[in-house]
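Here is how the chains run, residue by residue.
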Amino acid sequence: MCRNIDELKIKANTIRKDILEMIYNIQSGHLGGSFSMVEILTALYFGEMNYEPKNPSSPARDRFILSKGHTAPALYATLANAGFFPKEKLLTSFRRIDSMLQGHPDMNKTPGVEMTSGSLGIGLSAANGMALALRYQNIDARVYCMIGDGELNEGQIWEAASTASHYHLDNLVVFVDINGLQNDAETVNVKDMLDIRTKWEAFGFHTLEIDGHDFPEIFTALDNARACKGFPTAILSHTIKGKGVSFMENEIAFHGKTPTSEDYRNGMKELNS
């Protein structure tokens, strides 16, 4: 694991380029929300989590659950860069029928994927089960779950939050990617969730707020979560949808828009600079 900020910034930039390559290559995929979570994934996989790429089912591993499964490109690019499978698979397998890299993560096809996701709202429930099972087995490992701010509209998220608090799952960390945009509008205009922090605190979570693109803030929050005993942790991560490419940032269209050849060239130019 590495917490050298300069090295992690380079890694994050590489992952963004891989995401853009994947989506442009197949002309399909969710770019904006994938870009917004890159620093968090980079911090987790290269500076925090315990795992073995050549033994992805190791019982002692930390688990990452991508509840907002449509942002699979970010997870796939991260897993490839972490050594779970060859990077060339990103261009030959993503969103192809019967391939190992489906449009939503499939735990039966992709090494390193812990949960098959598709319908929004289910990831935290699965993460609860994993965290509880690790406790019962006396395994000192942690579970990290990424959900989207638009996903907070799902009632199951709050049922799962109540469950995590009830069982005092202090080996569970929930990241909420708060980029302010969902499929076709601002989150506050689809369903205003009002004071998100107060809600997580009311459900019994140790709650932190960070800049989700700032590595020192991410690591401080992770260390804080590890030190907290008796409560699950929610890290409310304020991010920018489309982060890293100026004309994609905070643009609702890039939730699921396929980059044109001009978008691709200009986007890669920015990332390469």
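Residues numbered from 1 in each chain as written. Predicted model: local features only at pLDDT ≥ 70, side-chain atom pairs only at ≥ 80, totals over all residues. Heavy atoms only, no water.

**Student:** Which residues make up the environment of cysteine 2, and what values go with them?
**Tutor:** Its location among the elements puts cysteine 2 in the segment before α1 (5-26). Given the relative accessible area of 22%, cysteine 2 is considered partly exposed. In this structure, the C-alpha to C-alpha distance between cysteine 2 and alanine 202, residues 200 residues apart in sequence, is 35 Å. Each residue touching cysteine 2, except ones within four places of it in the same chain, is listed here: Glu7, Leu8, Phe46, Gly47 and Phe219. (Helix = DSSP H or I, 4+ residues; strand = E, 2+ residues; numbered from the N terminus. Buried < 20%, exposed > 50% of the residue type's maximum accessible area, 1.4 Å probe, protein only. Contact = heavy atoms within 4.5 Å.)

**Student:** I'd like a description of the UniProt feature "domain: Transketolase N-terminal" (unreviewed entry) in the protein chain, backed by residues and values.
**Tutor:** Feature annotation in UniProt assigns "domain: Transketolase N-terminal" (unreviewed entry) to the following positions: residues 12-263. Between the C-alpha atoms that bound residues 12-263 the distance is 20 Å, and the span itself is 38% helix and 12% strand. (UniProt positions renumbered as here; feature names shortened; annotations may be inferred.)

**Student:** Let's hear about unusual backbone geometry: which residues, and what values?
**Tutor:** One non-glycine residue, glutamine 27, lies in positive phi territory at about 60 degrees. Here glutamine 27 is to be found in the loop between α1 and α2 (32-36). Look at arginine 95: it is not a glycine, yet its phi comes out positive at around 55 degrees. Checked against the element boundaries, arginine 95 lands in the loop between α5 (89-92) and α6 (123-136). On the basis of relative accessibility, which here comes to 29%, the residue arginine 95 falls in the partly exposed class.

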